[in-house]
Amino acid sequence: MKKVLPIFLLCAGIATCACGQITITSGDMPVSGDTLRYSTTIPVGFNINLNDTGANKVWNFDTMKPVTQGLNEYKLALQVNLAYVTISPTAYGYKVADTFGGAGGAPLPISVTEVYTFFNKKGTAPNNRFIAEGFGAKISGVPIPATYSNEDELFFFPLEYGDKDTSDYYLNVPVPSVGRMVQTGDRRTQVDAWGTIQTPYFTTPKSCIRVRSEVSGTDSFIMSSLPVPPIGIPRQTVDYFWLVQGEHYPALWITTNMVGSTETISTVRYRDTYRGLSVGDVKTNTISKLDVYPNPADNRLRIDIPAGNTHFIVEVFDLQGKLVLSAQDNNDLDITRLTPGNYFTRVTFENGIGVAPFVKQ
């Protein structure tokens, strides 16, 4: 539902900022054929108060130092692979991961590569929406398309300060002769601020709105040959989008991982031009297997952290998906208080996720 701002608040905002409030429409979203370049910067120590919301904000990030660059190339699903036309002849998207491996703490019995998410615009302007409509990947070398049975609705238009929306999604990806992968969850979206933004790309203040999009979901791999319930990997993230008119990519895009009410910034991306930097890979959605020891464990559990990851979040879940222990930048856990049984741990790095099962004696 749309919130109508009081007239006096709208006028006050215009009086204090020449740029004023803006409205984002579906015309400001990516389209097929877009090649959108972005830069990333180091998220650790990024100086921002994510709880600073409201009207007429000034965000100045023009001193950000780009570390790597990337490209999102939006293609029609059928251009990626003819098999994906079953999603929709008008769906389009980009590669979100080179590989997807490991689930529930064990490697998948198949390879999942060239992972795409496909989007679409649904409804009639101006009251339309931008959705994730489908998934495509090569599973053991075979292109497998899947359509959301309940679409992931990213944005409802027009987007204006004060708007709030909630939706849920369900994606079932069949894995021939093996089982299926399932993603399910809900999304809560709010336009919680407006003002101006500066970045190394937008060197002069640009009018924008900020959208906070919180996702609580579960990723599961279900093997048809095993008569046991799947172990779902819970996922709770928040995306912050600073959106400006006429651009098909956020001026700034910050992603956080949420544990309870605590958010830790995992990635910082912003719209940019070519800077001659190395092009970063697209493995942020990769789930890999971690090594933990001893296993079974009694009082302490140690996790092998891949080299180069100095900042990370550790979470321990029981088989019902309940969070029972968490830590930050600590791979030596005291598990004395855990009830004996089976658990799995998830470690979130800056560029990926690692999982591993273990037994508490």
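The model shown is predicted, which means the values in this text are computed figures rather than measured ones.

Here we take up the pairing of strand β21 (residues 341-349). Within β21, seven of the nine residues are buried, which leaves the element mostly enclosed by the surrounding structure. Two strands pair when backbone bridges link them, and strand β18 (residues 313-318) and β21 are joined in this way by six bridges, in the antiparallel orientation. When the sheet's bridge partners are listed, V314 is paired in β21 with V347.

Right, let's talk about the confidence of the model for the protein chain for a bit. For the protein chain, the average pLDDT comes to 85, and 85% of its residues sit at 70 or higher. Here residues 1-18 is a poorly scored stretch, pLDDT under 50, and it has 19 contacts once near neighbours within four places are set aside; other chains count. Considering only residues more than four positions removed or in separate chains, one finds that residues 281-285, a stretch of pLDDT under 50, has 14 contacts.

What follows is about the side chain of D28. Structurally, D28 is set in the loop between α1 (7-16) and β1 (35-41). The buried charged residue D28 lacks any salt bridge partner; its closest oppositely charged side chain belongs to K121, at an N-O distance of 8.8 Å. Setting aside chain neighbours within four positions, we find D28 in contact with T23, V244, Q245, G246, E247 and H248.

Moving on, we get to the packing of aromatic side chains. One pass over the structure, following the stated rule, counts 17 aromatic pairs. Lying across the ring of W253, R269 places its NZ or CZ 3.9 Å from the centre.

The next point concerns the nonpolar core. With 44 residues, the main nonpolar core has F155, L159, M181, I209 and L243 as its most contacted residues. When near neighbours in sequence (up to four residues on either side) are disregarded, L243 contacts I22, I24, M29, F155, L159, S207, C208, I209, V211 and P250.

Attention shifts here to the sheet that holds strand β20 (residues 332-334). Within the open sheet, the three strands sit side by side as β16-β17-β20. Their pairing is antiparallel. In the strand order of this sheet, the two ends are held by β16 (292-293) and β20, each with one partner. The pairing of β16 with strand β17 (residues 300-303) spans two bridges and is antiparallel. Residue V292 lies in a different strand from β17, and its bridge partner there is I303.

Bringing the pattern of salt bridges into the picture now. Overall, the coordinates contain 18 salt bridges when judged by the stated rule. A salt bridge links D272 to R275; its shortest N-O distance comes to 2.6 Å. Note on D272: relative accessible area 2%, which makes it buried. A residue is classified by how much of its surface remains accessible, and R275, at 35% relative accessible area, is partly exposed.

Conventions adopted
Residues numbered from 1 in each chain as written. Predicted model: local features only at pLDDT ≥ 70, side-chain atom pairs only at ≥ 80, totals over all residues. Heavy atoms only, no water. Buried < 20%, exposed > 50% of the residue type's maximum accessible area, 1.4 Å probe, protein only. Helix = DSSP H or I, 4+ residues; strand = E, 2+ residues; numbered from the N terminus. Pairing = 2+ DSSP bridges. pLDDT = per-residue confidence, 0-100. Contact = heavy atoms within 4.5 Å. Lys, Arg positive; Asp, Glu negative; His and termini not counted. Salt bridge = Lys/Arg side-chain N within 4 Å of Asp/Glu carboxyl O. Phe/Tyr/Trp six-rings, centres within 6.5 Å; stacked < 30°, edge-to-face > 60°. Lys NZ or Arg CZ within 6 Å of the ring centre and 35° of its normal. Core = buried A, V, L, I, M, F, W, Y, C linked by side-chain atoms within 4.5 Å.

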